[in-house]
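Here is how the chains run, residue by residue.
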Amino acid sequence: QDSTLSCTAEVLYHLGSPSPAPAVQVTLEGELRATAGADQLFYHRVRSLEQELLAEDIPDSQGGVSPEMEPLHLLAWVASGYVIWQNSTESTRLQLAQVKRVKQVRRRDEYLEFDYLVLLHELVSQEIIPWQMRVLWHPQHGVQVTQA
Amino acid sequence: DQVLHIVPETFQQVQHLQHLCRTLLLDLWKPLLPQDICAGEDLHIRVPAPLVKEVKDSLDRHMISYKVLIPDVQELVDQSMPGERSNHRQVPEGYVYTEYHPMEEIYQWMVQIQKNNSELVTQHYLGKTIENREMYYLQISQPSDKTKKIVWMDCGIHAREWISPAFCQWFVKEILQNYKSDPQISRFLQNLDLYVLPVLNIDGYMYSWEKDRFWRKNRSPQMNGTCYGTDLNRNFNSSWGSVGVSYNCSSEVFCGTGPESEPETRAVAQFIEQRKSDILCYLTMHSYGQYILTPYGSTTEPPSNSEELILVAKQAASALMGKYGTNYQVGPTSLVLYSNSGSSRDWAHTIGIPFSYTFELRDKGTHGFLLPSDQIQPTCEETM
């Protein structure tokens, strides 16, 4: 089920401070797996919840992620990828460490909105940085990080 | 371990098989003695796991066909003794090495390990932590009339790196389960003594279980208790306080109020200092990143035995990769990772311990500190 694709990226760090986000050019070799089915399943599951979705500690202390939480985890990866890109310099190395809390924000339109509190690990300083972000997602329109 | 079934066809094949059995001391199930091996007659040999590939390659080269009669001897043995693990004698019954354990359980585990393996293992007191907890290490030493050099390994210097203490426990278990049957381990123990400290930063480890999963430092109160914790791996007396540290307690890399200001650091440093002329190798286990790091962190000046250090590390990385394809990068911390000072590994090398390495175990950031417990086994197996 797992497949590995090769991905190359050219990253340019700008001089000067404060430095803007690095410029990134990405090339992907091969095609990403089709996920329309899984996307729809998740989308409808969340839309049909009676109460707003709320979850904490993904993964948990032992590194576990339940199957129901996996899409929220993946969404956090994508969104924090954007945050990390916007905040990286030549002397930082950021990684998503954990989703501390995720809360659904109900919307009138067809988008799903989540309020995330994530913990980012910065390798050089070894600091754990809490970061709040608002994430919009739609199966056809993809991910948007509106507040970081 | 596997049992192979062979029917030798020619006299040459018989001779080769006899030679193989004699030189590798293989366990003949049928017949009982090498001299009774005959062409045209059934031959059953039990081959210990580490030799399986070698034996099969040798048979292939000599065009001797074989069948695997029993693919996993241990499995059969276990099945034949219901409700009991066949190696309960060596390791505590029911201790699950593929799960993370809180400190209380690790304390109990150490006592059990010594009890069940008293001919080889002794538990020793090392010192006390800042919160007054007792630090113990395990000495694995085969009785012998020759003095042996020492290999020291510590785990859990940083609280949140849970895979590290898990590895120390796994390592001890592997050694004790296999020292009689595995020729490599057996030879190792004939010539070397192993000292293993499963959790160095006990207070921090407990804090990461109870209060803050991402805690890193120890729990020493600073500034009248308004801030806690020194980074023990910045607290050793090697270019202390010079680079890659903070003098501020609020930082994760706070180096303490002075070199060896922390009781945990002193406990380890005093012990190693006393025995430094007998210590051949100092290993300290961390996560994450998948690196085998050599001195130094505080300077890019290579250590005196740099070539040999790197060569050995590269061999280790290569062997590691052979197991599951996991890629470990080798090199000095200052070049591969970042600058730091006061690390235990650098200090060990500067006082004269020739082979000093930091291992950063799995993974590369996908799970980071929260490595799922189902990765404990493969991580430990490949690192073994």
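Above this note sits the structure.
Here the structure is a predicted model, which means the values were calculated and not measured.

Rules of the game
Residues numbered from 1 in each chain as written. Chains lettered and ligands numbered in written order. Predicted model: local features only at pLDDT ≥ 70, side-chain atom pairs only at ≥ 80, totals over all residues. Heavy atoms only, no water. Helix = DSSP H or I, 4+ residues; strand = E, 2+ residues; numbered from the N terminus. Rg over C-alpha atoms; globule rule 2.2 N^0.38 Å. Buried < 20%, exposed > 50% of the residue type's maximum accessible area, 1.4 Å probe, protein only. Contact = heavy atoms within 4.5 Å. Areas by Shrake-Rupley, 256 points an atom, 1.4 Å probe, with all protein chains shown as cover. Axes fitted to C-alpha atoms, helices over the stretch in contact; angles between N-to-C directions. Parallel < 35°, antiparallel > 145°, perpendicular 65-115°, else oblique. Left-handed = near helix turned anticlockwise from the far one by under 90°. Nonpolar A, V, L, I, M, F, W, Y, C, P; charged D, E, K, R; others polar. Pairing = 2+ DSSP bridges. Buried area = accessible area lost by both parts, 1.4 Å probe. Salt bridge = Lys/Arg side-chain N within 4 Å of Asp/Glu carboxyl O. Core = buried A, V, L, I, M, F, W, Y, C linked by side-chain atoms within 4.5 Å. Disulfide = S-S within 2.5 Å. Phe/Tyr/Trp six-rings, centres within 6.5 Å; stacked < 30°, edge-to-face > 60°. Lys NZ or Arg CZ within 6 Å of the ring centre and 35° of its normal.

A.B. asks: In this structure, what is going on with the overall build of chain B? I would like to understand it.
C.D. replies: What chain B contains, in helices and strands, is twelve helices and 14 strands. Against the globule reference of 21 Å for 384 residues, chain B gives a C-alpha radius of gyration of 24 Å, in line with a compact fold. Taken over the C-alpha atoms alone, chain B extends approximately 85 × 50 × 45 Å along its principal axes. Relative to its full complement of 384 residues, chain B shows a buried share of 55%. When contacts within chain B are restricted to residue pairs at least 6 apart in sequence, those whose partners lie at least 24 apart make up 71%. Accessible area of chain B: about 17100 Å², with a carbon and sulfur share of 50%.

A.B. asks: I keep staring at the packing of helix α1 (residues 11-24) of chain B against helix α2 (residues 52-61) of chain B and nothing clicks. Help me out?
C.D. replies: In a pair of packed helices, the angle between the axes and the distance between the axes together describe the arrangement. Residue and element names in this part refer to chain B. For the pair α1 and α2, interaxial distance at closest approach is 11 Å and the crossing angle is 160°. In terms of their interaxial angle, α1 and α2 are classed as roughly antiparallel. Note that α1 runs across α2; the crossing there is right-handed. Judged by residue contacts, His16, Leu17, Leu20 and Leu24 of α1 engage Glu54, Val55, Ser58 and Leu59 from α2. When its residues are assigned to classes, the contact of α1 with α2 shows five nonpolar, two polar and one charged.

A.B. asks: Help me understand the pairing of strand β11 (residues 279-287) of chain B in this model?
C.D. replies: In regular strands, side chains alternate between the two faces of the sheet. Residues and elements named next belong to chain B. For β11, the tally of buried residues reaches eight of nine residues, placing the bulk of the element in the interior. Sheet analysis places strand β7 (residues 149-155) next to β11, joined by six bridges and oriented parallel. The partner of Cys155 across the bridge, within β11, is Met285. Where β11 meets strand β14 (residues 355-361), seven bridges bridge the pair, whose relative direction is parallel. The residue of β14 that forms the bridge with Tyr282 is Ser356.

A.B. asks: Honestly, the interface of chain A and chain B in this entry has me stumped. Any pointers?
C.D. replies: The extent of an interface is frequently quoted as the accessible surface area lost upon association of the parts. The interface is formed by 19 residues belonging to chain A together with 23 residues belonging to chain B. Counting the surface lost from both chain A and chain B, the interface buries some 1700 Å², and carbon and sulfur atoms represent 53% of this. Three residues stand out in chain A for area buried against chain B, namely Ser61, Gln62 and Gln126 of chain A, and they jointly supply 33% of the buried area on that side. Across the chain A-chain B interface, the total number found is zero salt bridges. The set of elements that each furnish at least two residues to the side of chain A that touches chain B consists of β4 (94-105) and β5 (112-122) of chain A. Here the side of chain A that touches chain B gets four residues from one element, more than from any other, and that element is β4 of chain A. Among the residues making up the side of chain A that touches chain B, the classes are represented as eight nonpolar, eight polar and three charged.

A.B. asks: Can you walk me through the sheet that holds strand β12 (residues 291-294) of chain B in this structure?
C.D. replies: Adjacent strands of a sheet form backbone hydrogen bonds with each other and so pair up, either parallel or antiparallel. All names here are of chain B. Spatially, β5-β6-β8-β7-β11-β14-β12-β13 is the arrangement adopted by the eight strands of the open sheet, whose pairing is mixed. Strands at the two margins of the open sheet, each flanked by one partner only, are β5 (121-128) and β13 (329-332). The sheet shows a mean angle of 20° between the axes of neighbouring strands, taken without regard to direction. Pairing of β5 with strand β6 (residues 134-140) involves seven bridges; the strand directions are antiparallel. What sits directly across from Gln123, in β6, is Leu138.

A.B. asks: What should I look at first to understand the nonpolar core in this one?
C.D. replies: Soluble globular proteins tend to pack their nonpolar side chains together in the buried interior. Judged by nonpolar contacts, the single largest core of 76 residues is most densely connected at Trp109, Leu126, Ile140, Trp152, Val268 and Ile272 of chain B. In this structure, Ile272 of chain B is in contact with Trp152, Ile279, Tyr282, Trp347, Ile351 and Ile353 of chain B, ignoring residues within four places of it in sequence. By size, the runner-up hydrophobic cluster in this structure holds 27 residues, among which are Ala55, Val99, Met133 and Trp137 of chain A.

A.B. asks: Looking at this model, I keep getting lost on the state of the cysteines. Mind explaining?
C.D. replies: Residue and element names in this part refer to chain B. Applying the stated criterion to the full structure yields two disulfides over all chains. Residue pairing for Cys155: its cysteine sulfur links by disulfide to Cys168, the two sulfurs lying 2.0 Å apart. Disulfide Cys155-Cys168: torsion about the S-S bond near 80°, hence right-handed. In this pair, Cys155 sits in strand β7 while Cys168 sits in helix α5 (residues 163-178), placing the two residues 13 residues apart along the sequence. Using a relative accessible area of 0% as the deciding quantity, one classes Cys155 as buried. Classification of Cys168 as buried rests on a relative accessible area of 0%. Across the disulfide from Cys227 sits Cys249; the S-S distance is 1.9 Å.

A.B. asks: What am I meant to see in the packing of aromatic side chains here?
C.D. replies: Note on aromatic pairs: each is described by the distance of the centres and the angle between the planes. Tallied over the entire structure, the rule returns 24 aromatic pairs over all chains. Geometrically, the ring pair formed by Phe42 of chain A and Phe114 of chain A is stacked, given 6.4 Å between the ring centres and 20° between the ring planes. One end of the pair, Phe42 of chain A, is in helix α1 (residues 36-47); the other, Phe114 of chain A, is in strand β5, and 72 residues separate them in sequence. Exposure class is identical for Phe42 of chain A and Phe114 of chain A. Each is buried. Here the aromatic residues Phe42, Tyr43, Phe114, Tyr116 and Trp137 of chain A are joined through ring pairs into a cluster of three or more. Across from the ring centre of Tyr97 of chain B, 5.4 Å away, lies the NZ or CZ of Lys173 of chain B, which sits over that ring.

A.B. asks: Hey, could you run me through the sheet that holds strand β1 (residues 2-6) of chain B in this one?
C.D. replies: Residues and elements named next belong to chain B. As summarised here, the arrangement of the four strands in space is β2-β3-β1-β4, forming an open sheet in which the pairing is antiparallel. Here the strands that pair on one side only, and so sit at the sheet edges, are β2 (27-30) and β4 (66-70). Across the sheet, the axes of successive neighbouring strands diverge by a mean angle of 30°, strand direction being ignored. In the sheet, β2 pairs with strand β3 (residues 43-47) via three bridges, with the strands oriented antiparallel. Directly across from Lys30, in β3, lies its bridge partner His44. Packed onto the sheet, α2 meets β1, β3 and β4 and runs at close to 15° relative to β1.

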